[in-house]
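Commentary on secondary and tertiary structure
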Amino acid sequence: ERSITQLRSTLTRFATHVEGKRIHEVTLEHLQAYIRKHKWSRKTQNNVRADIHSFFEWAKARPRNWVSANPAHDLPKFKLERGIPEIVDTETATRIMHVLARYKGGAFVPYFAPALFAGIRPQFPSGELGKLALLNEGVWKLIDLKNKVIRIPPEISKTAEYRTIDIQPNLKAWLKPYAKRKARIHCPNFERGYKKIRKHFGLGHDVLRHSFISYHCAQFQSVGGSALQAGNSEAIVRRHYLKMVSKKEAADFWAIAPKT
């Protein structure tokens, strides 16, 4: 949903810029003038270029054949260095989970625990975890505590590929009370509470997922294994998550469990 909204916004603005021209009359010069008009960062320019390029590829393809060439083909694409991902330290992770255990009777625990300890893409409702949550009590067919795996089918996976994520002992402890009564992993007015919690703890877009991958690499010492669990490529995991935390920090992270 977020990608569709972004695509619609980009193309609507661009259509306004070239208003009055037929699609085959749009040239590289028009695109360059549009890019120059805005003081966008290189990352934003890359995103706009990608959206416009995709649109013209669609227009060029059969059965449309509206253009013979893609005018966005020669727009420059900047090579960007991805920064170090933001993660939470073990003290913060512990505080988040123990605060959530008390907040509204623990209603947000079954959503945040898989985000932090299984690295499932957390956006609600469009992310992987959001789609799982919308299955309501049926989610426990995919969060399989008995076999200690979470199954992410293609229709839920961002990459449209099936994957399984191992349920570590501490995640099982967090989820067990909810699985036992087949509780929903999201509650009434969930979105408002979800945003409130993220703001309270200063949690960025994917910080819990980044944390999972970093601590998983350190604990299990396998780039390939962490990539499979996270649904990322080995190259991405090696470049951005390897050696982010120590083995001692990883051991502490995977020991974060409910208070007994």
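Residues numbered from 1 in each chain as written. Predicted model: local features only at pLDDT ≥ 70, side-chain atom pairs only at ≥ 80, totals over all residues. Heavy atoms only, no water.

This paragraph deals with the overall build of the protein. Regarding its fold elements, the protein presents twelve helices and three strands. For the protein, the C-alpha atoms occupy an extent of roughly 70 × 40 × 35 Å along the three principal directions. Counting all 260 residues of the protein, 43% fall into the buried class. Across the protein, every contact between residues at least 6 apart in sequence was considered, and the portion connecting residues at least 24 apart equals 64%. If you sum the accessible surface of the protein, you get close to 15100 Å²; carbon and sulfur atoms cover 51% of it. Taking the average location of the 46 positive side-chain charges in the protein and that of its 22 negative ones, the two points are 4 Å from each other. (Helix = DSSP H or I, 4+ residues; strand = E, 2+ residues; numbered from the N terminus. Buried < 20%, exposed > 50% of the residue type's maximum accessible area, 1.4 Å probe, protein only. Contact = heavy atoms within 4.5 Å. Areas by Shrake-Rupley, 256 points an atom, 1.4 Å probe, with all protein chains shown as cover. Lys, Arg positive; Asp, Glu negative; His and termini not counted. Charge placed at Lys NZ, Arg CZ, Asp CG, Glu CD.)

Here the focus is the sheet that holds strand 1 (residues 143-144). Pairing in this open sheet of three strands is antiparallel, and the strands run 1-2-3 from one edge to the other. In this open sheet, the two edge strands, each paired with only one partner strand, are strand 1 and strand 3 (163-166). In the sheet, strand 1 pairs with strand 2 (residues 149-152) via two bridges, with the strands oriented antiparallel. The partner of aspartate 144 across the bridge, within strand 2, is valine 149. (Pairing = 2+ DSSP bridges.)

As a further point, take unusual backbone geometry. Peptide bonds are, in most cases, trans, and in most cases residues other than glycine have a negative phi. Residue proline 63 follows arginine 62 across a cis peptide bond; omega there is 0°. Counting through the fold element by element, proline 63 comes out in the loop between helix 3 (42-60) and helix 4 (90-102). For the peptide bond that leads from phenylalanine 124 to proline 125, omega is 5°, which places it in the cis range. Secondary-structure assignment places proline 125 in the loop between helix 5 (109-117) and helix 6 (128-133). Here asparagine 65, not a glycine, exhibits a phi torsion of approximately 55°, which is positive. Within the element layout of this structure, asparagine 65 appears in the loop between helix 3 and helix 4. By relative accessible area, asparagine 65 is classed as partly exposed at 47%. Even without being glycine, glutamine 221 reaches a positive phi, approximately 55°.

The next thing to look at is the packing of aromatic side chains. The tally for this structure, following the rule as stated, stands at 20 aromatic pairs. Plain terms: the ring middles of tyrosine 215 and phenylalanine 253 are 4.1 Å apart, the flat faces sit at 5° to each other, and that makes the pair stacked. Taken together, the residues tyrosine 215 in helix 9 (residues 207-220) and phenylalanine 253 in helix 12 (residues 247-253) connect sequence positions 38 residues apart. Neither tyrosine 215 nor phenylalanine 253 differs from the other in exposure class; each is buried. Within the aromatic cluster, the residues linked to one another by ring pairs are Tyr103, Phe108, Tyr111, Phe112, Phe124, Phe190 and Tyr194. (Phe/Tyr/Trp six-rings, centres within 6.5 Å; stacked < 30°, edge-to-face > 60°.)

Attention shifts here to the pattern of salt bridges. All told, the structure shown has five salt bridges when counted by the stated rule. Notably, a salt bridge pairs arginine 163 with glutamate 128, separated by 2.9 Å at the nearest N-O pair. Within this pair, whereas arginine 163 is found in strand 3, its partner glutamate 128 is found in helix 6, the two being separated by 35 residues in sequence. One exposure class covers both arginine 163 and glutamate 128, and it is buried. Through salt bridges with shared partners, one network takes in Arg121, Glu128 and Arg163. (Salt bridge = Lys/Arg side-chain N within 4 Å of Asp/Glu carboxyl O.)

Alternating residues of strand 3 divide into Arg163 and Ile165, all buried, and Thr164 and Asp166, none buried. Here four bridges tie strand 2 to strand 3, and the two strands are oriented antiparallel to one another. Each bridged residue has a counterpart across the sheet, and for isoleucine 152 the counterpart in strand 3 is arginine 163.

On to helix 9, then. Each α-helix turn comprises 3.6 residues. Residues three or four places apart therefore point the same way. Taking 1.5 Å of rise per residue, the 14 residues of helix 9 would be expected to cover 20 Å, and the 20 Å separating its terminal C-alpha atoms lies within 8% of that figure. Taking burial as the measure, the 14 residues of helix 9 include twelve buried ones, the bulk of the element. Elements that come into contact with the buried residues of helix 9 comprise helix 4, helix 5, strand 3, helix 10 (223-230), helix 11 (234-240) and helix 12. Phi turns positive one or two residues past the end of helix 9, at glutamine 221, with a value near 55°. (Expected span 1.5 Å × (residues − 1).)

Among the structural elements, aspartate 51 can be located in helix 3. Although aspartate 51 is buried, it makes no salt bridge; arginine 13 carries the closest opposite charge, 6.9 Å away. A polar atom in the side chain of aspartate 51 sits 3.1 Å from the side chain of threonine 10. Leave out the neighbours within four places in its chain, and aspartate 51 touches Gln6, Leu7, Thr10 and Leu11. (Polar contact = N/O pair within 3.5 Å; in protein donor to acceptor, adjacent residues only side chain to side chain.)

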